[in-house]
Amino acid sequence: MFGKPSHTGRTLQYVALTGYLIFLGFPLVWLLSTAFKPPRELVRLHPSLIPSNPTVQNFVQAFTEQQLGRAALNSLQVSLASAVLTVLVALPASYALARFRTRLGTVALGWVLLSQLFPFVLLIIPIFLILRQVGLANTHAGLVLIYVVWALPFALWMLQGFVRNIPRELEEAASVDGASRLQVLRRVVFPLLAPGIVATALFSFISAWNEFFFALVLVKTPELATLPVALARFVGIEGTARLGPLAAGSLLATLPSLIFFAVMQRRLSSGSLAGAVKG
Amino acid sequence: MTTVAERPDVARADGPRRARSQSDRLGIYLLLLPSLLPIVVLSVFPLVRGIYLGFTDARAGRNVEISFTGLENYRELLGDELFWNSFKIGLLWAVGVTVLQFVLALGLALLLNQQLRFRGLARVLSVVPWAMPPVVVGILWKLVYHPDAGLLNEFFYRVGADGLRTNWLGDFSTALPAVIIVGVWAGMPQTTVVLLAGLQGVPRELHEAAAVDGASTWHRFRNVTLPAIAPVVVAITSLDFIWNFNSFGLVYVLTAGGPGGKTMLPMLFAYEEAFRYGNYGYAAALGNVMVVIIVALLAVYLRRRLREAN
């Protein structure tokens, strides 16, 4: 970008990059290390970076002691339901938003930016009251409902962008060839939209999986708690020996998001859209 | 769906609006309805109601009708030392995190935009914190800052700087800087990725032309790169600021606002008021004040930035 830098310039760049790698990476290494340390090494005065007797005991303990297994299952259910529902609801609307300009559509897209402004605490009290009125307070269904609505503005924004990227000519060509509107959608639009649908589903899955505030306030029964809430409760328990299971639980909580991020990157760069345009 | 415009000229987004028939319009609204209805019921309506609650004496578990109290909550807020404390902490936190995050992310993005070794590793690493739930980021840094078994204290011990060992999250003077660093660590990846995308959109020819003209690296950065990515910079820093000002989970796990309110962000304060003491109206009023503050600050910032960019 800056042409050929001098030798010292290069060296400085590598020093800076190393600094970043340490800042970004070391906390993660510490988490990994803590998760695999047996209790005796955790309470030792000067802990080592690499556990001398690595163990998976912490993972077992995390699941048996604090119902983290139950919580992980809750999180999985809630996040999957949120992802599927968000896509189903957003799909028709984003098609309409991309293909027809309406005042309503403009307002809906403007809401995306606006909705970022509001502190959750302003929304949570009325939402709490509404959910209680319709009997959905303290249920997973209520939580899913909130997550879908919360993911929707961005999902609409993202999906309509994907629809816009599908050349209108492809749809027109298909309908000239005698395909009905539904056939055009099924044969042309949906296959090309697959990466967008995957991306949208991933986005809503991750935002539900990671969400803490609504889950903390709306769900009171411990058996219904999602993983972030269960982990946060676990933090409150004092004692150095607890750090192992806590680290193990944290690693497991990160796993789905990491996998999904990896999948998403591949799907998005698969270039199926570029190929379709050229063909 | 078959009711929606069959004619290509009608279907064009930039096509003439008058050409659309009544049934077309109905079809479009039917497509939009499943999305817009839930948004209105569970986001627009609660928002309006939340704003209204800020002007009432609503409390948890009280059967009396809530009554409109006008500016009473705001008068109380102005005299509430805890509110002013949280407001001050919130600003320090939001500005601190946003600025540090931006500077570091820009540096990293510039590095990642070059042909360097370990670039792939850095790209992967810079995405990991993004994928982590905020609660997990909090837990991870609790392990790093832990007074006895923490990475940071152990590092100082190993390098012979034992005097620097401290209870980072429990000490009055270090708690806020410590949580700000966590905020930067957690938010930097997203900012880096956005800035990197912006950098990759800068035409290479501009740089080469400037280099031929003998412009120094700094001059090329100042006069070519920065103006080109200005819109991205404005967008990401304003969004970062809003997100940071409204953040909750990370600091809730790290310190829960302690020690002695030193990390009591506005959202944590509002959460305590609403769900610990049941002061719904008061907490909603605080939310209203936060929205007004954010809008005001953004308006000032955006006006200045946009004028600079032009």
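- Where an unreviewed UniProt entry is consulted, chain B appears under the name ABC transporter permease subunit, with the organism given as Micromonospora terminaliae.
- Under Sequence similarities (unreviewed entry), UniProt gives the following word-for-word description of chain B: "Belongs to the binding-protein-dependent transport system permease family."
- Per UniProt, the comment on chain B under Subcellular location (unreviewed entry) is "Cell membrane".

- If you check an unreviewed UniProt entry, chain A appears there as ABC transporter permease subunit from Micromonospora terminaliae.
- On record in UniProt, under Sequence similarities (unreviewed entry), the comment for chain A is "Belongs to the binding-protein-dependent transport system permease family."

**Quick look at the overall build of chain B**
- Each helix and strand in chain B was counted, giving 13 helices and 0 strands.
- Mapped in sequence order, the helices and strands of chain B form the string α-α-α-α-α-α-α-α-α-α-α-α-α.
- Here the C-alpha radius of gyration of chain B, 25 Å, is well above what a compact globule of 310 residues would show, namely 19 Å.
- Taking the principal axes of its C-alpha atoms as reference, chain B extends roughly 80 × 75 × 35 Å.
- Sorting the 310 residues of chain B into buried and exposed places 51% on the buried side.
- Partitioning the contacts of chain B with sequence separation of at least 6, the portion at a separation of at least 24 is 64%.
- A gap of 6 Å separates the mean positions of the 26 positive and 21 negative side-chain charges of chain B.

**Some thoughts on the overall build of chain A**
- Helix and strand content of chain A: 13 helices and 0 strands.
- Relative to the compact-globule value of 19 Å for 279 residues, chain A shows a C-alpha radius of gyration of 24 Å, a clear excess of over 25%.
- Principal-axis analysis of the C-alpha atoms gives chain A an extent of 75 × 65 × 35 Å.
- The contacts of chain A with a sequence gap of at least 6 include a subset with a gap of at least 24, amounting to 73%.

**Quick word on the UniProt feature "transmembrane region" (unreviewed entry) in chain A**
All names here are of chain A.
- Residues annotated in UniProt with the feature "transmembrane region" (unreviewed entry) correspond here to residues 12–32, 78–97, 109–131, 143–163, 184–206 and 243–263.
- Helix makes up 100% of residues 12–32 and strand 0%. Its end C-alpha atoms lie 30 Å apart.
- Secondary structure content for residues 78–97 is 100% helix and 0% strand, while the C-alpha to C-alpha distance between its ends is 28 Å.

**What about helix α6 (residues 134–145) of chain B?**
Residue and element names in this part refer to chain B.
- With 12 residues, α6 should reach 16 Å at 1.5 Å per residue; the first-to-last C-alpha distance of 16 Å fits that figure.
- Of all 12 residues in α6, 10 are buried, a share of seventy percent or more.
- Considered for burial, the residues of α6 that qualify are V135, V136, V137, G138, I139, L140, W141, L143, V144 and Y145.

**Observations concerning the UniProt feature "transmembrane region" (unreviewed entry) in chain B**
Residues and elements named next belong to chain B.
- Summarizing the sequence annotation, UniProt attributes the feature "transmembrane region" (unreviewed entry) to residues 26–48, 91–112, 124–144, 175–199 and 280–302 in the numbering used throughout.
- Secondary structure content for residues 124–144 is 90% helix and 0% strand, while the C-alpha to C-alpha distance between its ends is 21 Å.
- Taken end to end, residues 175–199 is 100% helix and 0% strand, and its two terminal C-alpha atoms sit 35 Å from one another.

**Let's talk about the pattern of salt bridges**
Residues and elements named next belong to chain B.
- Using the criterion set out here, one finds 4 salt bridges over all chains in the structure.
- Between E154 and R158 there is a salt bridge, and its shortest N-O distance comes to 3.0 Å. Here E154 and its partner R158 are both found in helix α7 (residues 151–158), 4 residues apart, which amounts to about one turn of the helix.

**So, the nonpolar core**
- F214, L218 and L231 of chain A together with W93 and W141 of chain B are the most contacted members of the largest nonpolar core, which has 182 residues in total.
- Ranked by residues supplied to this core, first place goes to helix α4 (residues 81–112) of chain B with 14 residues.
- Contact partners of W141 of chain B, with chain neighbours within four places excluded, come to F23 and P27 of chain A together with I181, V182, W185 and L254 of chain B.

**Describing the UniProt feature "domain: ABC transmembrane type-1" (unreviewed entry) in chain B**
- UniProt's feature table lists "domain: ABC transmembrane type-1" (unreviewed entry) at residues 87–301 of chain B, given in the numbering used throughout.
- For residues 87–301 of chain B, the end-to-end C-alpha separation is 19 Å, with 75% helix and 0% strand making up the annotated structure.

**A few points about the side chain of N244 of chain B**
- Residue position: N244 of chain B is located in helix α10 (residues 217–245).
- Setting aside its immediate chain neighbours within four residues, N244 of chain B contacts W93, A94, V97, T98 and Q101 of chain B.

**Side note on the interface of chain A and chain B**
- Across the contact, 85 residues belong to chain A and 108 residues belong to chain B.
- Here chain A and chain B share 0 salt bridges between them.
- The interface formed by chain A and chain B includes 7 residue pairs in polar contact (both at pLDDT 80 or more).
- Among the elements that line the side of chain A that touches chain B, the one with the most residues is helix α1 (residues 7–35) of chain A, at 16 residues.
- Looking at the side of chain A that touches chain B residue by residue, the classes come out as 65 nonpolar, 13 polar and 7 charged.

**Description of the confidence of the model for chain A**
- Per-residue confidence for chain A gives a mean pLDDT of 83, with 90% of residues at or over 70.
- In this model residues 267–279 of chain A is a low-confidence stretch, pLDDT under 50, and it forms 15 contacts with partners more than four residues away in sequence or in other chains.

**Re the environment of I127 of chain A**
- Residue position: I127 of chain A is located in helix α6 (residues 120–133).
- Here I127 of chain A falls in the buried class, since its relative accessible area comes to 3%.
- Between the C-alpha atoms of I127 of chain A and T139 of chain A, which are 12 residues apart in sequence, the distance is 13 Å.
- When residues no more than four places from it in sequence are discounted, the contact partners of I127 of chain A are I146, F214 and L218 of chain A together with L42 and P46 of chain B.

**A word on the layout of surface pockets**
Residues and elements named next belong to chain B.
- Counted as a void, the second largest pocket has a volume near 760 Å³.
- Forming the walls of the second largest pocket are 26 residues, and the residues nearest its centre are V233, T237, Y301, R305 and E308.
- Those elements that place two or more of their residues in the lining of the second largest pocket are α4, α10 and α13 (280–309).
- For the lining of the second largest pocket, the element with the most residues is α10, which contributes 10 residues.
- When grouped by side-chain class, the residues that make up the lining of the second largest pocket number 19 nonpolar, 3 polar and 4 charged.

**Looking at the packing of helix α8 (residues 175–200) of chain B against α10 of chain B**
All names here are of chain B.
- Interhelical geometry of α8 versus α10 gives an angle of 160° and a closest axis separation of 9 Å. Regarding the angle of α8 to α10, the classification is roughly antiparallel. Here the hand of the crossing between α8 and α10 comes out right-handed. Of the residues in α10, those in contact with Q190, T191, V194, L195, G198 and L199 of α8 are T225, I229, V232, V233, I236, D240 and W243.
- When its residues are assigned to classes, the contact of α8 with α10 shows 8 nonpolar, 4 polar and 1 charged.

**Some points on the packing of α6 of chain A against helix α12 (residues 266–275) of chain B**
- For the pair α6 of chain A and α12 of chain B, the least separation of the axes is 10 Å and the interaxial angle reads 20°. Considering the angle they form, α6 of chain A stands roughly parallel to α12 of chain B. In this structure, α6 of chain A crosses over α12 of chain B, and the sense of that crossing is right-handed. Contact with α6 of chain A, carried on its side by F120, V121, I124 and I125 of chain A, involves M267, A270, Y271, A274 and F275 of chain B of α12 of chain B and no other residues of that element.
- Class assignment of the residues belonging to the contact of α6 of chain A with α12 of chain B gives a composition of 9 nonpolar, no polar and no charged.

Conventions and cut-offs
- Residues numbered from 1 in each chain as written.
- Chains lettered and ligands numbered in written order.
- Predicted model: local features only at pLDDT ≥ 70, side-chain atom pairs only at ≥ 80, totals over all residues.
- Heavy atoms only, no water.
- UniProt positions renumbered as here; feature names shortened; annotations may be inferred.
- Helix = DSSP H or I, 4+ residues; strand = E, 2+ residues; numbered from the N terminus.
- Rg over C-alpha atoms; globule rule 2.2 N^0.38 Å.
- Buried < 20%, exposed > 50% of the residue type's maximum accessible area, 1.4 Å probe, protein only.
- Contact = heavy atoms within 4.5 Å.
- Lys, Arg positive; Asp, Glu negative; His and termini not counted.
- Charge placed at Lys NZ, Arg CZ, Asp CG, Glu CD.
- Expected span 1.5 Å × (residues − 1).
- Salt bridge = Lys/Arg side-chain N within 4 Å of Asp/Glu carboxyl O.
- Core = buried A, V, L, I, M, F, W, Y, C linked by side-chain atoms within 4.5 Å.
- Polar contact = N/O pair within 3.5 Å; in protein donor to acceptor, adjacent residues only side chain to side chain.
- Nonpolar A, V, L, I, M, F, W, Y, C, P; charged D, E, K, R; others polar.
- pLDDT = per-residue confidence, 0-100.
- 1 Å grid on protein atoms, 1.4 Å probe; cavity = no way out; pocket = protein on both sides within 12 Å on 5 of 7 lines; lining within 4 Å.
- Points joined across faces, edges and corners; volume = space filled by probe spheres on them.
- Axes fitted to C-alpha atoms, helices over the stretch in contact; angles between N-to-C directions.
- Parallel < 35°, antiparallel > 145°, perpendicular 65-115°, else oblique.
- Left-handed = near helix turned anticlockwise from the far one by under 90°.

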